Amino acid sequence: MHAFDLTWIRAQFPALAQEVNGHPAVFFDGPGGTQVPQRVIDAVADYLIHHNANTHGAFATSRRTDETIDAARAAMADFLGCAADEVIFGPNMTTLTFAISRAFGRDIRPGDEIVLTRLDHDANVAPWKALEEQGAIIRMVDIDTEECTLDMADMARAIGPRTKLVAVGYASNAVGTINDVTTITQMAHAVGALVYIDAVHYAPHGPIDVQALDCDFLACSPYKFFAPHMGVLYGKREHLAHLRPYKVRPASDDVPDRWETGTKNHEGLAGVTAAIEYLAELGQRIKPATTRRAALVQAMEAIKAYERGLSEQLIAGLLAIPGLTFYGISDPARFDMRTPTVAVRLAGRSPRELADALGRRGIFCWDGNYYAINLTERLGVESDGGMLRIGLVHYNTAEEIELLLEALNELRIGN
């Protein structure tokens with residue numbers, strides 16, 4: 001067993017060496033997209049130099065492209081814990097979710113119900129709300145505003161005999177809450193409903209096992225876990241075969257190809273495989289493993305443990321700042337229910353003012369609603385600039401957190 005080697009980890013990411021106005025760049029913008037290891041950059045370049053072609057041709061570069069796609073599918077299958085033919089690629093989670101919702105909508109009848117939540121990113125809301133046009137009834141699950149957690153009693157009330165699908169986030173991209181998706185899946189399946197999980201925000205922070213979850217679909221975005229801008233969808237094979245996608249006629253009707261009509265981002269897929277290999281190497285450095293899947297689980301468990309320590313430091317420091325409002329779970333005893341992503345407001349400063357001031361110091365944080373608009377409306381902050389979001393990943397450091405806390409203390413009114 002080896003220690004979590006932060007020096008080795010940070011050395012893998014060339015972007016971390018940047019400076020802004022003489023300050024070291026601090027990337028607390030991870031929930032919007034992470035930086036990538038050098039091997040990802042190299043893999044993208046190598047594909048474009050040596051493999052660049054479209055698929056299923058009778059020549060070398062086309063065959064190499066086919067191999068690139070197969071390798072990426074196998075890599076993501078190991079990451080998610082599923083079969084390779086249950087992995088679908090697309091430009092992003094939002095586009096993939098719209099594709100599934102349109103196909104799902106072909107079987108919707110007036111009065112069928114779909115359960116959504118106020119905690120979710122709109123990419124797991126709008127595609128399903130669009131089915132209201134076909135007569136679907138939307139049930140919206142509320143939250144506990146004190147800790148920004150799902151109201152599970154309200155979830156139980158919302159799921160009923162007419163429920164056809166429950167769409168829920170694995171973790172909130174705005175406030176970091178990890179939802180009890182296992183229980184929600186069991187509740188949905190008890191009435192014969194399908195479950196669609198948005199794991200975009202959770203994926204960089206902990207291991208995923210779709211078999212253990214027993215979810216029907218799970219979507220994520222590799223650019224949130226150290227890969228290029230891509231989207232990935234897991235679907236149970238039976239659903240991928242049963243639902244009817246919108247596709248061009250010459251495209252294959254086999255699973256999973258029938259869901260990937262059009263040319264894929266092949267260089268992006270080469271980068272996806274490289275990102276998974278980076279995580280697998282991280283896992284192997286912590287403890288030797290006999291399979292890539294086992295190495296990935298070890299890596300994600302180690303990342304989860306390291307990030308918990310960062311969360312404790314960050315949240316304790318934020319709560320000590322006068323005039324700061326904190327949104328989400330703040331009790332360290334319950335940090336297993338959150339990721340290291342937090343949202344705050346500071347009295348007298350708009351979230352945009354804070355983000356701008358921090359950005360000039362080289363500290364990158366998002367402001368606004370981050371597309372979790374139902375949440376910001378529910379919290380009463382949407383009309384006033386939303387919140388400042390601070391999102392950590394495993395390449396961040398305790399020293400960077402101290403820089404942020406020092407800056408926020410200096411920026412508060414009346415300091």
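Look a little higher up for the structure.
Let me begin by describing the structure that accompanies this report. Here the structure is a predicted model, which means the values were calculated and not measured.

Conventions used here
Residues numbered from 1 in each chain as written. Predicted model: local features only at pLDDT ≥ 70, side-chain atom pairs only at ≥ 80, totals over all residues. Heavy atoms only, no water. Buried < 20%, exposed > 50% of the residue type's maximum accessible area, 1.4 Å probe, protein only. Helix = DSSP H or I, 4+ residues; strand = E, 2+ residues; numbered from the N terminus. Arc of directions from axis to C-beta. Contact = heavy atoms within 4.5 Å. 1 Å grid on protein atoms, 1.4 Å probe; cavity = no way out; pocket = protein on both sides within 12 Å on 5 of 7 lines; lining within 4 Å. Points joined across faces, edges and corners; volume = space filled by probe spheres on them. Nonpolar A, V, L, I, M, F, W, Y, C, P; charged D, E, K, R; others polar. Pairing = 2+ DSSP bridges. Axes fitted to C-alpha atoms, helices over the stretch in contact; angles between N-to-C directions. Parallel < 35°, antiparallel > 145°, perpendicular 65-115°, else oblique. Core = buried A, V, L, I, M, F, W, Y, C linked by side-chain atoms within 4.5 Å. Phe/Tyr/Trp six-rings, centres within 6.5 Å; stacked < 30°, edge-to-face > 60°. Lys NZ or Arg CZ within 6 Å of the ring centre and 35° of its normal. Salt bridge = Lys/Arg side-chain N within 4 Å of Asp/Glu carboxyl O.

So, on to helix 12 (residues 351-360). Three or more residues of helix 12 are buried, namely P351, L354, A355, A357 and L358. One face of helix 12 carries all of its buried residues, which in axial projection span an arc of 165°. On its buried face, helix 12 sits against strand 14 (341-346), strand 15 (363-364), strand 16 (366-368), strand 17 (387-391) and helix 14 (398-411). The positive-phi residue at the C-terminal boundary of helix 12 is G362, with phi of around 85°.

Let us now look at the layout of surface pockets. Put simply, the largest pocket is a space of about 450 Å³. Lining of the largest pocket is provided by 20 residues; of these, H121, Y223, K224, Y370 and Y371 occupy positions nearest its centre. Where the lining of the largest pocket is concerned, the elements lending two or more residues are helix 4 (93-105) and strand 16. Taken together, the residues that form the lining of the largest pocket break down as nine nonpolar, seven polar and four charged.

Burial within strand 12 (residues 231-235) is extensive, with five of its five residues counted as buried. Covered by surrounding structure in strand 12 are G231, L233 and G235 together with V232 and Y234, the residues of both alternating faces. Bridge count for strand 11 (residues 217-220) against strand 12 is four bridges, and the pairing is antiparallel. Bridged to F217 within strand 12 is G235.

Between helix 10 (residues 266-286) and helix 11 (residues 292-319), whose axes approach to 7 Å, the crossing angle comes to 80°. When the interaxial angle is binned, helix 10 and helix 11 end up roughly perpendicular. Taking contact as the criterion, the partners of I276, E277, L279, A280, L282, G283, Q284 and I286 in helix 10 are, on helix 11, R292, A295, L296, Q298, A299, M300, A302 and I303. Looking at the contact of helix 10 with helix 11 residue by residue, the classes come out as eleven nonpolar, three polar and two charged.

Here the focus is the nonpolar core. Residues M76, F79, L80, Y170, I197, I208 and L218 are the most contacted members of the largest nonpolar core, which totals 85 residues. Take this core: its biggest share by element is eleven residues, from helix 10. Discounting residues that sit within four places of it in the chain, I208 has contacts with F79, L80, G81, Y170, A199, Y202, A203, L218 and R293. Of all hydrophobic cores here, the second largest spans 30 residues; its members include Y306, L358, I363 and I401.

This part is about the packing of aromatic side chains. Considering all chains together, one arrives at 13 aromatic pairs under this definition. For the ring pair F4 and Y306, a centre distance of 4.6 Å and an interplane angle of 20° mean the geometry is stacked. Within this pair, whereas F4 is found in the segment before helix 1 (6-11), its partner Y306 is found in helix 11, the two being separated by 302 residues in sequence. Pairing W128 with Y196 gives two aromatic rings, centres 5.2 Å apart and planes at 65°, and the pair type is edge-to-face. Of this pair, W128 sits in helix 5 (residues 126-129) while Y196 sits in strand 10 (residues 194-198); the two residues are 68 residues apart in sequence, bridging distant segments of the chain. According to the relative accessible area criterion, W128 is buried, its value standing at 0%. One aromatic cluster is present, formed by W8, F13, F226, Y278 and Y395 through successive ring pairs. Taking the ring centre of Y246 as reference, the NZ or CZ of R102 above it sits at 3.9 Å. Sitting over the face of the ring of Y246, R106 holds its NZ or CZ atom 3.9 Å from the ring centroid.

Next up on the list: the pattern of salt bridges. Applying the stated rule across the entire model yields 22 salt bridges. R360 is the partner of D356 in a salt bridge, and the nearest nitrogen-oxygen pair spans 2.3 Å. With D356 and R360 both in helix 12 and four residues apart, the pair spans about one turn of that helix. Overall, D356 belongs to the partly exposed group, its relative accessible area being 44%. A network of salt bridges, in which partner residues are shared, links R73, E260 and K264.

If you trace the seven strands from one edge of the open sheet to the other, you get 4-12-11-10-9-5-6, paired in mixed fashion. Each edge of the open sheet is held by one strand with a lone partner, namely strand 4 (87-90) and strand 6 (137-141). Shown here is a sheet whose adjacent strand axes are inclined to one another by a mean of 20°, direction ignored. Two strands pair when backbone bridges link them, and strand 5 (residues 113-117) and strand 9 (residues 163-169) are joined in this way by three bridges, in the parallel orientation. When the sheet's bridge partners are listed, V115 is paired in strand 9 with V166. Each of strand 4, strand 5, strand 9, strand 10, strand 11 and strand 12 is contacted by helix 4, which is oriented at about 165° to strand 10, the strand it contacts most. The strands that helix 7 (residues 181-190) touches are strand 9 and strand 10; relative to strand 10, the one it contacts most, it runs at about 155°.

Across all of its chains, the model carries two cavities of 30 Å³ or more by this definition. Within this model, the largest cavity holds a volume of roughly 50 Å³. As for the largest cavity, its lining consists of L119, D120, H121, G169, A171, S172, N173, N179 and D198. Looking at side-chain class alone, the lining of the largest cavity contains two nonpolar, five polar and two charged residues. Around the second largest cavity, the lining residues are F79, P207, I208, R293, L296, V297 and M300. Among the elements that line the lining of the second largest cavity, the one with the most residues is helix 11, at four residues.

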